[in-house]
Amino acid sequence: MKAFVLRATGGLEHTAVAEVPEPRAPGLGEVRVALRAAALNHLDLFVVNGLPGLPRTLPHILGSDGAGVVEQVGADSPWRPGDAVMVNPGISDYTCEFCRKGEHSLCVDYGILGEHHPGLMAQYVNVPAHNLARIPPLDPALTWAEAAAFSLVSLTAWRMVVTRAAVHAGEWVLVWGIGGGVSLAAMRIAKLLGARVIATSSSDAKLERARALGADVTLNHRTQSVVAEVRTLTAKRGVDIVVENVGEATWADSLRSLAKGGRIVTCGGTSGPKLVTDVRPLFWHQFSILGSTMGNAREYAAVVEQLGQGQLRPIVDAEFALADARQAFERLEQGAQLGKIAITVAA
Ligand SMILES: [Zn+2]
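Chemist: What is the right way to look at the packing of helix α1 (residues 42-49) against helix α10 (residues 325-334) in this model?
Modeler: A pair of packed helices is captured by two measures, namely the crossing angle of their axes and the spacing between those axes. Viewed as axis vectors pointing N to C, α1 and α10 meet at an angle of 105°, and their least axial separation amounts to 10 Å. Considering the angle they form, α1 stands roughly perpendicular to α10. Contacts between α1 and α10 pair His42, Asp44, Leu45 and Val48 from the former with Phe329, Leu332 and Glu333 from the latter. Residues belonging to the contact of α1 with α10 are distributed by class as follows: four nonpolar, one polar and two charged.

Here you go:
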């Protein structure tokens with residue numbers, strides 16, 4: 001089968017569209033999906049550039065997000081060939097103490113398709129049956145690219161905003177870098193909950209789109225002081241929640257933007273991983289710093305249900321054919337997108 005693979009870590013020059021073996025017949029509880037589209041996440045660039053100990057084998061099939069059609073089912077699977085499905089890329093063992101409590105993204109053996117396991121930028125993938133969700137019927141119907149673009153960012157943002165930060169109506173939420181998929185999903189989920197959202201970007205065009213998608217206030221973090229503007233907007237109080245995935249470049253300003261008792265929820269650090277936190281405001285103002293990764297099966301079901309109700313329909317920035325996957329990665333690397341970049345895989 002054709003797949004977009006990484007042959008060595010260290011940059012996009014080590015990627016290629018290649019012929020690789022098809023997955024074996026699906027085993028107990030497994031399903032083989034014929035992919036119709038995949039979607040990119042910043043995680044893919046981390047994998048391309050190299051994470052400690054990853055990928056486990058080379059060549060490695062990239063891509064954590066995808067949607068397609070069930071092609072073959074192993075024993076003990078509720079799916080049938082022909083079912084149109086989206087893939088939750090978080091792989092858990094369903095047996096450890098955290099899984100037994102329903103916290104699958106805390107699994108002791110947690111891994112992500114495209115990072116720890118072969119990914120979805122391929123014609124076929126085998127996945128556990130419980131990682132699939134039926135693509136909800138919408139009018140107009142979701143495109144394959146939209147369906148592929150949904151899972152990782154929506155699930156991640158849902159756990160961050162709903163479960164970890166527990167955002168509620170009327171609260172102020174600051175979201176950095178609205179062009180990013182998790183940021184955009186977090187903004188839309190916070191709006192569903194009735195929060196007031198301040199979105200930032202370095203691009204006025206992206207900020208205009210953010211306003212159209214529900215941002216109450218937008219700030220250009222290249223030309224404006226986010227901390228000063230937040231103070232003015234909130235009558236010196238600060239925001240209740242900061243949604244972080246930028247890391248080094250924004251962390252100090254995130255802390256300075258918080259109201260007393262505020263919480264920061266983070267799922268990553270695209271600008272760098274080492275954060276400096278002054279403990280004095282942390283304890284005196286009783287801030288909470290909340291880590292968050294992906295989500296559990298219950299959260300995935302909840303976010304798919306929202307999609308079925310017509311909410312959180314993915315914003316697709318651009319679509320590329322599998323043969324042009326490298327160009328898709330270059331667009332992501334340049335940060336030119338608002339929303340998701342998808343890769344279509346021919347039937
Ligand atoms: Zn587990």
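Having put the structure on the table, let's press on.
Chemist: I keep staring at the sheet that holds strand β1 (residues 2-6) and nothing clicks. Help me out?
Modeler: Sheet strands pair by backbone hydrogen bonding; their relative direction is either parallel or antiparallel. Pairing is antiparallel in the open sheet, where three strands are placed in the order β2-β1-β4. Single-partner strands in this sheet number two, and they are β2 (15-19) and β4 (60-61).

Chemist: Sorry, what's going on with the pattern of salt bridges here?
Modeler: For the coordinates displayed, the defined rule picks out 15 salt bridges. Notably, a salt bridge pairs Glu71 with Arg32, separated by 3.6 Å at the nearest N-O pair. Of this pair, Glu71 sits in strand β5 (residues 65-73) while Arg32 sits in strand β3 (residues 30-39), and the two are 39 residues apart along the sequence. A residue is classified by how much of its surface remains accessible, and Glu71, at 34% relative accessible area, is partly exposed. Among the salt bridges present, the one from Glu171 reaches Arg263, with a minimum N-O distance of 2.9 Å. A residue pair is termed long-range when its members are at least 10 positions apart, and Glu171 in the loop between α3 (144-164) and β11 (172-175) and Arg263 in strand β15 (residues 258-266) qualify at 92 residues. One exposure class covers both Glu171 and Arg263, and it is buried.

Chemist: How do you make sense of helix α5 (residues 204-212) when you look at a structure like this?
Modeler: Owing to its 3.6 residues per turn, the α-helix brings residues three or four apart onto one side. Where α5 is concerned, the buried positions are Lys206, Leu207 and Ala210. When α5 is viewed along its axis, its buried side chains cluster within an angular range of 100° and face the same direction. Away from its buried face, by an angle of more than 90 degrees, α5 presents the exposed residues Asp204, Ala205, Glu208 and Ala212. For α5, the secondary structure elements touched by its buried residues are α4 (181-192), β12 (196-201) and β13 (217-220).

Chemist: Where do I start with the coordination of the zinc ion in this structure?
Modeler: Working reference: metal with six octahedral donors, ideal angles 90 or 180 degrees; metal with four tetrahedral donors, ideal angle 109.5 degrees. All of the protein donors around the zinc ion are Asp93 (OD), Cys96 (SG), Cys99 (SG) and Cys107 (SG); their distances to the metal are 2.1 to 2.3 Å. Taken together, the four donor atoms coordinating the zinc ion span angles of 95 to 120° at the metal, a pattern that classifies the geometry as tetrahedral. Residue class for Cys96 comes out buried when judged on its relative accessible area of 10%.

Chemist: How should unusual backbone geometry be read in this particular structure?
Modeler: Residues other than glycine predominantly adopt negative phi, and peptide bonds predominantly adopt the trans conformation. Residue Pro55 is bonded to the preceding Leu54 through a cis peptide linkage, with omega at -10°. Among the secondary structure elements, Pro55 is positioned in the loop between α1 and β4. Unlike most non-glycine residues, Ala235 shows phi in positive territory, near 55°. Structurally, Ala235 is set in the loop between α6 (226-233) and β14 (239-244). A residue is classified by how much of its surface remains accessible, and Ala235, at 68% relative accessible area, is exposed. Unlike most non-glycine residues, Lys236 shows phi in positive territory, near 70°. Of note, Lys236 is situated in the loop between α6 and β14.

Parameters and conventions
Residues numbered from 1 in each chain as written. Predicted model: local features only at pLDDT ≥ 70, side-chain atom pairs only at ≥ 80, totals over all residues. Heavy atoms only, no water. Axes fitted to C-alpha atoms, helices over the stretch in contact; angles between N-to-C directions. Helix = DSSP H or I, 4+ residues; strand = E, 2+ residues; numbered from the N terminus. Parallel < 35°, antiparallel > 145°, perpendicular 65-115°, else oblique. Contact = heavy atoms within 4.5 Å. Nonpolar A, V, L, I, M, F, W, Y, C, P; charged D, E, K, R; others polar. Pairing = 2+ DSSP bridges. Salt bridge = Lys/Arg side-chain N within 4 Å of Asp/Glu carboxyl O. Buried < 20%, exposed > 50% of the residue type's maximum accessible area, 1.4 Å probe, protein only. Arc of directions from axis to C-beta. Donors = N, O, S within 2.8 Å, 3.2 Å for Na, K, Ca; no water. Tetrahedral: all angles 85-135°; square planar, octahedral: opposite > 155°, others 65-115°.

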